[in-house]
Every structure is written in structure tokens, then in C-alpha cells.
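The primary structure of each chain is shown beneath.
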Amino acid sequence: MNNLIRSELLKQRTVRLPLLAVAAAAIAGALTAIAIITTAGHAGNPPLDRHSLTQLVHGPFAIVAGAALLLGILSTAGEFRHQTITSTLLVAPRRGRLLTAKVLVHAGLGAGLALVACAVNLAVSIPWLSSHDVPLAGPTDVARVVAGSVAAAALFGASGAGLGALLANQTTAVTVSLVWLLAVEGLVVNITSTPTLHDRLPGGALGVIARGAGEGAHTPLWAAAGCAVAYAGALVAAGTRRLIDRDVT
């Protein structure tokens, strides 16, 4: 397993996309901080207050989550797209272990992207808020949001790897995931007229984790975490089963 993980890490270091994702996470962290602070108190936006710092830290999460999901999908579905899956399986014929290594690496990569975005965001936000005499949220509150963002981004990366293995087509996998997150979950909530249901769907549960079950959460953190881990585990299990049964010759 260690050799498979090292091999996957080597693949990620030899292509540009992960490095671009890290740069995008850093830029997103800075730009979201600038955008939220400069628009606070204008055009109907709430003014800066003690809760602003935690909101700022959570700001770049959507971009980070999308990047982690995309990298996870491309790591597995990309093997089929570029027809490298056969040579990969010749070197690592135990398909379940191969996908496990990809899942672990991309969970770590997702967590790393979240850490970068949060670090840059805090580096911009704290001095700016302090210069405007805005009281800062306590370290515990900030740490809860940072930890939640890291955990949720890791689950997005792992889910992407599982979904890519399940569908084996990167365009389809990206389309399905975006349609689900951007449209289907909201439609389900509207049809059922149950707002609390959103926090138990994949995207909503991960959002609760990323906020550290902060404001607006209708679901306890432990319940959202259980749902999110179950969804990610189901995707990885289904992807593993499909990869094992798939004819790649």
C-alpha cells in the first residue's frame, strides 16, 4: 500500500493540475477575504462584527471543495480517458488497493488545499479586521471552522476518486457531481418542503462540517459527519466494485 501511495503522489507531482489547484486555493483565500471585507455593510451585506472572521475563513470553501472533487475525479476517470489504466493495473493488479491509495492521496490533497486557502485567508483577514478595530472571533471558533473545512475538503477529494472509478468518464462524472450539488439537492428540498433535509444530503452535510456546525445548521455536527462519511464511503465502495468488475483490456 505504501508503494501505491508513493506512486500516486509521484503522479500528482509530475502534472501541473495539482499545483494549479494549490495556487487557485491560495488566490481564492485572498480574494474571498478582500471581497467580503470590502463589501461588508454595503448593498445589503451585514457589517463586520465578531463573527466575521469565521465567516471569512469559510468563504473560499466552495472553490476548494470543487477543486478537490475535480482532482479526485480526474485521478481515476482520467486513467480511462488517457488509456493508462491498463499499464497501471499491470503494475498494481490488486484493484481495490489501487483505488484505496488514490482515495487516500486525494483526501490528503483536498485537506491540503483547504489548509492553504484558510492560511492565506487568515493572513489577509486578521490584520485587516484588526486595523478597523473589528473584534476577532476566539481561536476555538476559528479552529473549528478550519478543521471542518479541512475534513470536508478531504471527503470531497475521496468522493471524487470514488465517483471517477464508478463512472470511468471524467466529463460524465464532473457533470453528474455539479448537477447534483448545484441543482438536485435544492430541488429535493423544494419538492419535499423540508429545509432540514438539505443538511443530510451530501453537499449539505459537507457544508455543515465545513462551517463547524455554525450558524444556519439545522443538523448536529455528528449527524452531518455521519451522513457525509456514509456517502463518501458508499461512492468509494461502489467505485471499487465497478473497477474490480470492469474489463479494461
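Residues numbered from 1 in each chain as written. Predicted model: local features only at pLDDT ≥ 70, side-chain atom pairs only at ≥ 80, totals over all residues. Heavy atoms only, no water.

> Whenever I open this one, the overall build of the chain confuses me. Can you help?
Helix and strand counts for the chain come out as ten helices and zero strands. The helix and strand sequence of the chain, counted from the amino end, reads α-α-α-α-α-α-α-α-α-α. What you see for the chain is a C-alpha radius of gyration of 19 Å, in line with the 18 Å of a compact globule of 249 residues. When the backbone C-alpha atoms are referred to their principal axes, the chain occupies close to 65 × 45 × 30 Å. For the chain, buried positions account for 45% of its 249 residues. (Helix = DSSP H or I, 4+ residues; strand = E, 2+ residues; numbered from the N terminus. Rg over C-alpha atoms; globule rule 2.2 N^0.38 Å. Buried < 20%, exposed > 50% of the residue type's maximum accessible area, 1.4 Å probe, protein only.)

> What's the story with the environment of Leu115 in this structure? I'm lost.
Of note, Leu115 is situated in helix H6 (residues 95-131). Separated by 128 residues in sequence, Leu115 and Leu243 have C-alpha atoms that sit 31 Å apart. Contact partners of Leu115, with chain neighbours within four places excluded, come to Val146 and Val150. (Contact = heavy atoms within 4.5 Å.)

> What is the right way to read the packing of aromatic side chains from this model?
Geometrically, a pair of aromatic rings is defined through the distance of the ring centres and the angle of the planes. In the structure shown here, the tally under the stated rule is one aromatic pair. Lying across the ring of Phe80, Arg246 places its NZ or CZ 5.2 Å from the centre. (Phe/Tyr/Trp six-rings, centres within 6.5 Å; stacked < 30°, edge-to-face > 60°. Lys NZ or Arg CZ within 6 Å of the ring centre and 35° of its normal.)

> What is the right way to look at helix H8 (residues 170-192) in this model?
Note on helix geometry: an α-helix contains 3.6 residues per turn, so any two residues three or four positions apart are oriented the same way. In a regular helix each residue adds 1.5 Å, so 23 residues correspond to 33 Å; H8 covers 31 Å between its end C-alpha atoms and thus fits that length. The sharpest bend along H8 measures roughly 45° and falls at Trp180. Within H8, the full set of buried residues consists of Gln170, Ala173, Ser177, Glu185 and Val189. Structurally, H8 contributes buried residues whose contacts are with helix H4 (61-81), helix H7 (139-167) and helix H9 (202-210). Two to three positions downstream of the cap, the backbone nitrogen of Thr171 sits 3.1 Å from a side-chain oxygen, assigning the N-cap of H8 to Asn169. (Expected span 1.5 Å × (residues − 1). Bend = angle between axes of the 7 residues up to and from the residue. Polar contact = N/O pair within 3.5 Å; in protein donor to acceptor, adjacent residues only side chain to side chain.)

> Where do I start with the packing of helix H2 (residues 17-39) against H6 in this structure?
Two numbers describe a pair of packed helices, the interaxial angle and the distance between the axes. Running from N to C, H2 and H6 point in directions that differ by 30°, and their axes come no closer than 8 Å. Between H2 and H6, the interaxial angle falls into the category roughly parallel. Crossing hand, H2 versus H6: right-handed. Taken together, the residues of H6 that come into contact with H2 (itself represented by Pro18, Ala21, Val22, Ala25, Ala26, Gly29, Ala30, Thr32, Ala33, Ile34, Ile37 and Thr38) are Leu109, Leu113, Val116, Ala117, Val120, Asn121, Val124, Ser125, Trp128 and Leu129. When its residues are assigned to classes, the contact of H2 with H6 shows 17 nonpolar, five polar and no charged. (Axes fitted to C-alpha atoms, helices over the stretch in contact; angles between N-to-C directions. Parallel < 35°, antiparallel > 145°, perpendicular 65-115°, else oblique. Left-handed = near helix turned anticlockwise from the far one by under 90°. Nonpolar A, V, L, I, M, F, W, Y, C, P; charged D, E, K, R; others polar.)

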